[in-house]
Amino acid sequence: MAVLAKVRRSKASAAQSAAARRSVSAEFPLGAAHNADIAAAFEEIADLLEIENANAFRVRAYRNAARVVGGLPNEAAAMLARGEDLTELPGIGKDLAGKIAELVKTGGSAVLADLHKHAPQGLVELLRLPGLGPKKVKALHDKLQIETVSQLHRALQDGRVRDLAGFGAQTEKRLLQALEAKSASGGRMKLAVAAQYAEPLAEYLRKSPGVGQVAVAGSYRRARDTVGDIDIVATAKDAATVMERFVSYPETARVLSRGPTRSTIVLRSGIQVDLRVVAPESYGAALVYFTGSKAHNIAIRRIAQGRGLKINEYGVFSGKRRLSGETEDSVYQSIRLPTIPPELREDRGEIEAAKAKSLPDLIELKDLRGDLHAHTTATDGRNSLQEMALAAKARGYEYVAITEHSRHLTIAHGLDPARLARQIGQIDAFNRQKRGIRILKGIEVDILDDGQLDLPDTILSRLDLVVAAVHSKFNLSRAQQTERVLRGLDNPYVTILAHPSGRLIGRREPYDIDMPRLLKRCQERGCFIELNAHPDRLDLLDTHCRMAKELGVLVSINTDAHSTSDFDNMRFGVGQARRGWLGRDDVLNTRPLARLLELLARARRS
DNA sequence: ACGCCTGTGCGTGCCTATCTTCTGATAGG
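- Chain A carries the name DNA polymerase beta in an unreviewed UniProt entry, which gives Dongia sedimenti as its organism.
- In its Subcellular location (unreviewed entry) section, the UniProt record describing chain A reads: "Cytoplasm".
- As recorded by UniProt, the Cofactor (unreviewed entry) comment attached to chain A reads in full: "Mg(2+)".

In structure tokens form, the structure reads like this:
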């Protein structure tokens, strides 16, 4: 909790009087850099410094700062505007705070511009190639004047690279392969896509003779919204058999490396998979190690150091003596910490919370009692009202809200007041049959360009809940977009703000909007915010979940189901909610029906 | 570059496997 605690403290002291003097609006200066922009700039500076062989600690300071700023629950720009002191953040001193201010003010950085004079931007892209680190990139640049990926490609084909000191025929071959693979795949995949590849592969390995445990670890296990590569941990008395089976997986395109305990393959789809095989007594330690995150691993290893112990992927050691390692619990126990759930292992305060015995009791799939966002064949869904309701019941739910699109979304055949009135009648009729599930009457109403809702209050007033959403004009300026949605929230019938950033992972960037301000308005207004569980969206971000929790704004985890099978996406939403530190009480749709109806009614009244 | 402690300096995130090439670079969490 270190980061948040510090932010809160500074808010309470210095910033409070500043905020009182300032008008509440314009929290985020127009054109300012977002946290992600700042983090990217710091990463680039670190990369270039590393190529220039700068002081390693300086490089680390930039990387650290990138991680801290990237994980902030508030925009650094807004914090500055409120007069907060950024040097209170861990790892941010006078210098880096100045550079953040510079990035916020000018959108650029003098240090970065200066570095580009000697080391052009293309070098950073070279660094991303597997097999190329700072030393080799520098050699390519110094000796062959290579600055871009295409120049490297040409040099490789001309055979100029293999003669450099430190390079050889093997390196040449691997780099050429890496360049091909780069155009083929590249980037991170959505969590749900990773699941499609990881689970069958894990199942395949479980059939290996003599294999014990098999688990998918890495960012997949931490439930990140996207996954870079797939990491698998297995136990076996005889690792060689499992390794052999792994590299001969039918979907294997290439074997990148193969050792007695670790191998890496690339699948035909371009996805990289690492397998680590250890003895059964090391399973827990290997799982901790391979689950990460790296920052979390370093943090717990430091704690061990402080106690004169050593943690590696084989166990926790005192000298040569192994104290633990068979289970994850035993590893954490050895350093006197409760087991930290994988979704929290990002070194974003979970270690401090564990020490203070204040880890959150995270929400689980079974805690959910309903889904508050679903569609039927009346608009763009694929199943009928009754099919959707019964499918929800089959998931053990007490209630499901049917929330069709409104008329403005013509492509989805959105409802006008007359058609919505007809559906209200159908739902009432269904509910009278007492089928063991309650359908809530709702709508996913468009927030129009000017902030008005797409349907009149006369019909909205007849519903149990109103989910409001943006489906058009994604490119408004930050100020306009924020204003538009705030105006939408002013309508007294709105109960939930749906997929609040509008992003589609890998396809559409989030629209530019002041999320902290939206959350604050939800708090004042007594309404709720959605965490859309669709694997293409996963929208609310984990950092914003955490902020909602701090503000006491309940989050509704909804699948936005367009078919009965879509209800299964709930697990992805729960994963993201857990990454956002949410417990059962922080989530709206864990409430039993009667309590939920009270909350919905209160949100409308206020 | 941070951060602590001091007094303008100094120490400073963990630990291991694999490959390629020759002692270390890169990658992995």
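**Here we look at the protein's contact with DNA strand B**
And then number 1: In the vicinity of DNA strand B lie 58 residues, with Arg 60, Gly 91, Gly 131, Gly 168 and Tyr 314 positioned nearest.
And then number 2: Leu 96 places a main-chain nitrogen or oxygen 2.8 Å from a phosphate oxygen of DNA strand B.
And then number 3: Taking Gly 292, its main chain carries an N or O atom lying 3.3 Å from a sugar or linking oxygen of DNA strand B.
And then number 4: Here the surface near DNA strand B gets 7 residues from one element, more than from any other, and that element is helix α3 (residues 56-70).

**Concerning the pairing of strand β6 (residues 262-267)**
And then number 1: Most of β6 is tucked away: 5 of the 6 residues are buried.
And then number 2: With 5 bridges connecting them, strand β5 (residues 252-258) and β6 associate as antiparallel partners. When the bridges of β6 are listed, Ser 257 appears paired with Thr 264.
And then number 3: What sits between the antiparallel neighbours β5 and β6 is a turn of 3 residues.

**Side note on the UniProt feature "domain: Polymerase/histidinol phosphatase N-terminal" (unreviewed entry) in chain A**
And then number 1: Residues annotated in UniProt with the feature "domain: Polymerase/histidinol phosphatase N-terminal" (unreviewed entry) correspond here to residues 370-449.
And then number 2: End C-alpha to end C-alpha, residues 370-449 measures 31 Å, and it is 32% helix and 22% strand.

**Thoughts on the state of the cysteines**
And then number 1: Inspection of the entire model under this criterion finds 0 disulfides.
And then number 2: For the unlinked cysteine Cys 527, the closest cysteine sulfur is that of Cys 522, found at 3.9 Å.

**Details of the side chain of Thr 379**
And then number 1: Here Thr 379 is to be found in the loop between β11 (370-371) and α18 (385-394).
And then number 2: Looking at Thr 379, its side chain comes within polar contact range of the side chain of Glu 404, at 2.4 Å.
And then number 3: Among all residues touching Thr 379, those that are not within four sequence positions of it are Glu 404, His 405, Ala 412, His 413, Gly 414 and Leu 415.

Calculation rules
Residues numbered from 1 in each chain as written. Chains lettered and ligands numbered in written order. Predicted model: local features only at pLDDT ≥ 70, side-chain atom pairs only at ≥ 80, totals over all residues. Heavy atoms only, no water. UniProt positions renumbered as here; feature names shortened; annotations may be inferred. Near = heavy atom within 4 Å. Polar contact = N/O pair within 3.5 Å; in protein donor to acceptor, adjacent residues only side chain to side chain. Helix = DSSP H or I, 4+ residues; strand = E, 2+ residues; numbered from the N terminus. Buried < 20%, exposed > 50% of the residue type's maximum accessible area, 1.4 Å probe, protein only. Pairing = 2+ DSSP bridges. Disulfide = S-S within 2.5 Å. Contact = heavy atoms within 4.5 Å.

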